[in-house]
Amino acid sequence: MSKRPGSPSSGALVKRAKATPPPSNQIAISSSGDGDKNKGLIRSVQRTSSLEAPIISLAGAHSGEILSCRFDPTGQNIAACSADRSVSLWRTYPPNTNYGLLSSLTKAPILDLQWSLFAPHIYTVAADHTMLILDVTTGQRVRKIRAHREIVNSVDRTMAGGSGTELVVTGADDGLVRLWDGGEDGGKLPVAEFDVGCPVTAVCWSADGASVYAAALDNEIHIYDLRKSTQLSTLTGHTDTPTSLALSPNGSFLLSPSLSSHTLVHDVRPFAPNPNRVHRVLTGAPAGFENTLLRGAWSRSPGDEGMRVAVGGADRMVCVWEVESGKVVYKLPGHKGTVTSVDWHPKEPIILTGSKDGTMLLGELEQGLGV
């Protein structure tokens, strides 16, 4: 018997080239000791401002909750007032130094502040019924006025009155709206006064400086004419107390968050297409149960003027809407307490937020409406 010849082996092991894995959109994070550079993926972020980082925390100055924070007219400086009765001053751009802390200014929490439009001054109002004018360059108090008989909730200023001087308006729990001469040389008595009849939560100047908007506890926004010294009309639509007022950069619309968690945009043009003047109803920023006066703001940077608004909420977030569509384009986290105050940089897409956690955040947004 002869041995049957073996058939050619078809099951031999053949070494094949390693298959290339399909491309993946996932971001692989490589450790520092990884030799394979393909495992790391660096994603470039489009920067839109001159901030050192897209988000910057300003903390350490206040021991109490921040109740209001604002950019100065140039956008180079920031001021914040707090329940600890102090005002802090910060640089907007690197190194973001806290270059001033004016402490123990009042006997009660400082509730609101505004930068002067023509001098290095800050106007503050407090729960001890006073209005202060502070000199930022020296850190000294220039004037102290016993402005009202009750807690003063809001302050605003204008240079558009035609008199060549800065006019300041305050609103308080005594139901009065009072107008004052600003600067160092103003008197201790108001130049005009309007009686709303119930506590005033917010005040705001019109674009031409001829009238004043006052939000009150009756859920209405009262409009007063300075020349006639009378009430022109009221803006309705709120079902609970408006907490702040902010005029759009073109002077045509008025932003007013409220304790009902609804934020209204009123049309304040002389001839409005809608009889009730409610331009938009925005939802997404809960007011919470603390009855905090939440302060909103309009976008002011070139190319984005008046297109977006922002309001903080009790959910520790900041809600940013596109006004025309009414859509929420951002919900910005980061704070550990109710976001009480929001302001927009005058020249860049930067948003400033202050919170009950005693800190502020500077955030960089995308230019325009893209998100």
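Residues numbered from 1 in each chain as written. Predicted model: local features only at pLDDT ≥ 70, side-chain atom pairs only at ≥ 80, totals over all residues. Heavy atoms only, no water.

Visitor: Tell me about the sheet that holds strand 13 (residues 192-195), residues and numbers included.
Guide: Ordered by their spatial adjacency, four strands build an open sheet running 10-11-12-13, and the pairing between neighbours is antiparallel. One side of each edge strand has no neighbouring strand; the edge strands of this open sheet are strand 10 (152-158) and strand 13. Here the strands of the sheet are splayed against their neighbours by 15° on average, with no regard to which way each runs. (Pairing = 2+ DSSP bridges. Helix = DSSP H or I, 4+ residues; strand = E, 2+ residues; numbered from the N terminus. Axes fitted to C-alpha atoms, helices over the stretch in contact; angles between N-to-C directions.)

Visitor: Could you give an account of the confidence of the model for the protein, with specific residues and numbers?
Guide: Scored by pLDDT, the protein has a mean of 89; 87% of the residues are at 70 or more. Scored below 50 in pLDDT, residues 17-35 shows nine contacts in the model against residues more than four places distant or in partner chains. (pLDDT = per-residue confidence, 0-100. Contact = heavy atoms within 4.5 Å.)

Visitor: Tell me what's going on with the pairing of strand 11 (residues 167-172), and back it up with residues and numbers.
Guide: Counting buried residues in strand 11 gives six out of six residues, a clear majority hidden from the surface. Neither face of strand 11 is exposed, since Leu167, Val169 and Gly171 on one face and Val168, Thr170 and Ala172 on the opposite face are all buried. Bridge count between strand 10 and strand 11: six bridges; the pairing is antiparallel. Note that in strand 11 the partner of Asp156 across the bridge is Val169. (Buried < 20%, exposed > 50% of the residue type's maximum accessible area, 1.4 Å probe, protein only.)

Visitor: Which residues make up the pattern of salt bridges, and what values do they have?
Guide: For the coordinates displayed, the defined rule picks out eleven salt bridges. The partner of Glu324 in a salt bridge is Arg280, with the nearest N and O atoms 3.3 Å apart. Taken as a pair, Glu324 in the loop between strand 24 (318-322) and strand 25 (328-332) and Arg280 in strand 21 (residues 278-283) lie far apart in primary sequence, 44 residues in all. Counted as one network, the salt bridges with shared partners bring together Arg70, Asp112 and Arg295. (Salt bridge = Lys/Arg side-chain N within 4 Å of Asp/Glu carboxyl O.)

Visitor: Describe the packing of aromatic side chains, and please don't skip the residues or the numbers.
Guide: Inspection of every chain in the model, using the stated rule, returns one aromatic pair. Note on Phe194 and Tyr224: the rings are 4.7 Å apart at their centroids and 20° apart in plane angle, and the pair reads as stacked. In this pair, Phe194 sits in strand 13 while Tyr224 sits in strand 16 (residues 221-225), placing the two residues 30 residues apart along the sequence. By relative accessible area, which is 5% here, Phe194 ends up buried. (Phe/Tyr/Trp six-rings, centres within 6.5 Å; stacked < 30°, edge-to-face > 60°.)

Visitor: Which residues make up the environment of Val339, and what are the values?
Guide: Mapped onto the elements, Val339 comes out in strand 26 (residues 339-344). Owing to a relative accessible area of 0%, Val339 belongs among the buried residues under this scheme. Each C-alpha atom, one on Val339 and one on Thr353, is 6.8 Å from the other, the two residues being 14 residues apart in sequence.

Visitor: So what about the UniProt feature "repeat: WD" (unreviewed entry) in the protein? Which residues, and what values?
Guide: Mapped onto the present numbering, the UniProt feature "repeat: WD" (unreviewed entry) falls on residues 59-90, 145-181 and 332-371. Helix makes up 0% of residues 59-90 and strand 50%, with an end-to-end C-alpha separation of 10 Å. (UniProt positions renumbered as here; feature names shortened; annotations may be inferred.)

Visitor: Account for the pairing of strand 4 (residues 87-91), with residues named and values stated.
Guide: Within a regular strand, side chains alternate between the sheet's two faces. With four of five residues buried, strand 4 is to be regarded as a mostly interior element. Sheet topology places strand 3 (residues 77-82) next to strand 4; five bridges connect them, and they run antiparallel. The residue of strand 4 that forms the bridge with Ala80 is Ser88. Hairpin geometry of strand 3 and strand 4 is characterised by an intervening segment of four residues between the two adjacent antiparallel strands and by a positive phi of about 70° at Arg85. The hairpin turn running from strand 4 into strand 5 (residues 98-102), its antiparallel successor, is six residues long, and Asn96 in that turn takes a positive phi close to 55°.

Visitor: I'd love a proper account of the side chain of Arg295, names of residues and values included.
Guide: Along the polypeptide, Arg295 turns up in the loop between strand 21 and strand 22 (297-298). A distance of 3.3 Å separates a polar atom in the side chain of Arg295 from the backbone oxygen of Asn153. Excluding residues within four positions of it along the chain, Arg295 makes contact with Leu67, Ser68, Arg70, Leu111, Asp112, Asn153, Ser244, Thr340, Ser341 and Val342. (Polar contact = N/O pair within 3.5 Å; in protein donor to acceptor, adjacent residues only side chain to side chain.)

Visitor: I'd like a description of the sheet that holds strand 19 (residues 253-256), backed by residues and values.
Guide: The sheet built from four strands is open, its strands ordered 18-19-20-21 with antiparallel pairing. The outermost strands of the open sheet, each flanked by one partner alone, are strand 18 (246-247) and strand 21. Bridge analysis of strand 20 (residues 262-267) against strand 21 gives five bridges, and the strand direction is antiparallel. The partner of His262 across the bridge, within strand 21, is Thr283.

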